[in-house]
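Tertiary structure, described
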Amino acid sequence: AMKRGDDYRRRLEKRWKGIGNIEEQRLLQEAALMAERADVTEEIVRLQSHLKEFERYTHQRGAVGRKFDFLAQEMGREINTIGSKSQGVKISHQVIQFKSELEKIREQIQNVE
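**Concerning the overall build of the chain**
Looking only at helices and strands, one finds five helices and zero strands in the chain. When the helices and strands of the chain are listed from N to C terminus, the series reads α-α-α-α-α. By the burial criterion, 27% of the 113 residues in the chain qualify as buried. If you sum the accessible surface of the chain, you get close to 8500 Å²; carbon and sulfur atoms cover 50% of it.

Structure follows, in structure tokens:
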């Protein structure tokens, strides 16, 4: 997160150059806020948890279709949040790829129960 904060600080300095004298503390606060808003660590942790749970369900017998469906929905939410928080092209491509794979999984879930 520190590197990301530095990146945001540089971006803010560039953007605010023509505005006049900006307090250093204010610049640091804004950079920290931007970095915090873009942090997707929580979403990634939850997504990993959902994926582990999903795999666990593949080894269970019985009616798991609803469980799979719920987890697919939750994974979709996390991916959407990651996509909306991220500004990098590489992450955007990965989000699109993940959504595509998740859609295939959802189609398969329809055949489970």
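**Describing the packing of aromatic side chains**
Going through the model one piece at a time under the given rule, you end up with two aromatic pairs. Geometrically, the ring pair formed by Phe 54 and Phe 68 is tilted, given 4.6 Å between the ring centres and 50 degrees between the ring planes. You can see Phe 54 sitting in helix α3 (residues 41-58) and its partner Phe 68 sitting in helix α4 (residues 65-85), a full 14 residues away along the chain. Phe 68 shares its class with Phe 54; the two are buried. On the numbers, 6.0 Å between centres and 85 degrees between planes, the contact of Tyr 57 with Phe 68 is edge-to-face. Here Tyr 57 is found in helix α3, whereas its partner Phe 68 is found in helix α4, with 11 residues between them in sequence. Take Phe 68: its relative accessible area is 7%, and that puts it in the buried class. These aromatic residues form a ring-pair network of at least three members: Phe 54, Tyr 57 and Phe 68.

**A short note on the pattern of salt bridges**
According to the stated counting rule, one finds seven salt bridges in the structure shown. Between Arg 46 and Glu 42 there is a salt bridge; the shortest N-O distance is 3.4 Å. Taken as a pair, Arg 46 and Glu 42 lie in helix α3 at a separation of four residues, close to a single helical turn. Residue Arg 46 is classed as partly exposed on the basis of its relative accessible area, which comes to 35%.

**Comments concerning the side chain of Ser 86**
In this fold, Ser 86 is placed in the loop between α4 and α5 (89-109). Under the relative-accessibility criterion, Ser 86 is labelled buried at 12%. For Ser 86, the side chain forms a polar contact with the main-chain oxygen of Ile 82, separated by 2.7 Å.

Rules used in this analysis
- Residues numbered from 1 in each chain as written.
- Predicted model: local features only at pLDDT ≥ 70, side-chain atom pairs only at ≥ 80, totals over all residues.
- Heavy atoms only, no water.
- Helix = DSSP H or I, 4+ residues; strand = E, 2+ residues; numbered from the N terminus.
- Buried < 20%, exposed > 50% of the residue type's maximum accessible area, 1.4 Å probe, protein only.
- Areas by Shrake-Rupley, 256 points an atom, 1.4 Å probe, with all protein chains shown as cover.
- Phe/Tyr/Trp six-rings, centres within 6.5 Å; stacked < 30°, edge-to-face > 60°.
- Salt bridge = Lys/Arg side-chain N within 4 Å of Asp/Glu carboxyl O.
- Polar contact = N/O pair within 3.5 Å; in protein donor to acceptor, adjacent residues only side chain to side chain.

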